[in-house]
Amino acid sequence: MRQHIAHIALVVDDYDEAIAFYTQILDFTLIEDTKLSEDKRWVLVAPPGANDCALLLAKAANKEQAASIGNQAGGRVFLFLYTDDFWRDYHKMVNRNVEFVRSPKEEAYGTVAVFKDLYGNLWDLLQPNEKNKGLLGQV
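Computed from a prediction, not measured in an experiment: that's the story for all the values here.

Caption draft 1: Structural view of the sheet that holds strand β3 (residues 41–46). Read across the open sheet, the four strands follow the order β1-β4-β3-β2; overall the sheet is mixed. For this open sheet the edge positions go to β1 (7–12) and β2 (29–35), each flanked by a neighbour on one side alone. Strand after strand, the sheet turns through a mean of 25° between neighbouring axes, direction not considered. With six bridges joining them, β1 and strand β4 (residues 54–59) adopt parallel strand pairing. Note that in β4 the partner of A9 across the bridge is L56. In the packing of helix α1 (residues 15–25) onto the sheet, contacts are made with β1, β2, β3 and β4, and the angle to β4 comes to roughly 155°.

This is the structure we're talking about:
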């Protein structure tokens, strides 16, 4: 049997501002943007080269969902963006005013820094070192 996670829902305040952030600031690819109703769209974005998992940008539909915007993991790092060139992506993101809340650091598993998305969710930008590429996944 083979299974994989296809999409991760990310609750957002506005479809278009979320699309702009992920495609223009993080260089993700807009995979799909389909209108489902007057208020609901099916919006998928993914990092360059990703082919197994995408973010489903889901606009908050009520107060309970809106309360989770920017805090989907209770203040912990929520998502992990692996890269094949940490410093290229780090400098590009800094130049695009992405807020880093933890500076770059060399860890036993690779180079990592923590940044916020447009709503405040925490992400790791991570380049695994050669020793840990297999353990942490391929970039």
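Caption draft 2: Examining the sheet that holds strand β8 (residues 122–128) more closely. Overall, mixed pairing links the four strands, which are arranged β5-β8-β7-β6 in an open sheet. Only two strands of the sheet have a single partner each, and these edge strands are β5 (77–82) and β6 (100–107). Between one strand axis and the next, the sheet turns by 20° as a mean value, whatever way the strands run. Strands β6, β7 (110–116) and β8 of the sheet are contacted by helix α3 (residues 86–95), whose axis makes an angle of about 165° with β6.

Caption draft 3: Inspection of α3 at higher detail. Every buried residue of α3 is accounted for by F86, D89, Y90 and M93. Within α3, the buried residues cover an arc of 100° as seen down the axis, which keeps them to one side. Contacts from the buried residues of α3 go to β6, β7 and β8. Where α3 ends, the next residue or the one after it, N97, has phi of about 65°, a positive value.

Caption draft 4: Structural view of unusual backbone geometry. In this structure, D27 takes a positive phi of about 65° despite not being glycine. Structurally, D27 can be placed in the loop between α1 and β2. Despite not being glycine, N97 shows a phi value in the positive range, around 65°. With respect to the helices, strands and loops of the structure, N97 is situated in the loop between α3 and β6.

Caption draft 5: Highlighting the side chain of R41. Summarising the element assignment, R41 is placed in strand β3. Side chain to side chain, R41 and D16 meet in a polar contact 3.0 Å long. One polar contact links R41 to D33, side chain to side chain, over a distance of 2.7 Å. Contacts of R41, omitting those with residues within four sequence positions, involve Y15, D16, I19, D33, T34, K35, L36 and L57.

Caption draft 6: Main features of the packing of aromatic side chains. This structure, assessed with the given rule, holds 10 aromatic pairs. Relative to W123, the ring of Y22 has its centre 6.1 Å away and its plane inclined at 40°; by these criteria the two rings are tilted. Highlighted residues: Y22 in helix α1 and W123 in strand β8, separated in sequence by 101 residues. Each member of the pair Y22 and W123 is classed as buried. When the ring of F86 is compared with that of W87, the centres are 4.9 Å apart and the planes differ by 85°; the resulting orientation is edge-to-face.

Calculation criteria
- Residues numbered from 1 in each chain as written.
- Predicted model: local features only at pLDDT ≥ 70, side-chain atom pairs only at ≥ 80, totals over all residues.
- Heavy atoms only, no water.
- Pairing = 2+ DSSP bridges.
- Helix = DSSP H or I, 4+ residues; strand = E, 2+ residues; numbered from the N terminus.
- Axes fitted to C-alpha atoms, helices over the stretch in contact; angles between N-to-C directions.
- Contact = heavy atoms within 4.5 Å.
- Buried < 20%, exposed > 50% of the residue type's maximum accessible area, 1.4 Å probe, protein only.
- Arc of directions from axis to C-beta.
- Polar contact = N/O pair within 3.5 Å; in protein donor to acceptor, adjacent residues only side chain to side chain.
- Phe/Tyr/Trp six-rings, centres within 6.5 Å; stacked < 30°, edge-to-face > 60°.

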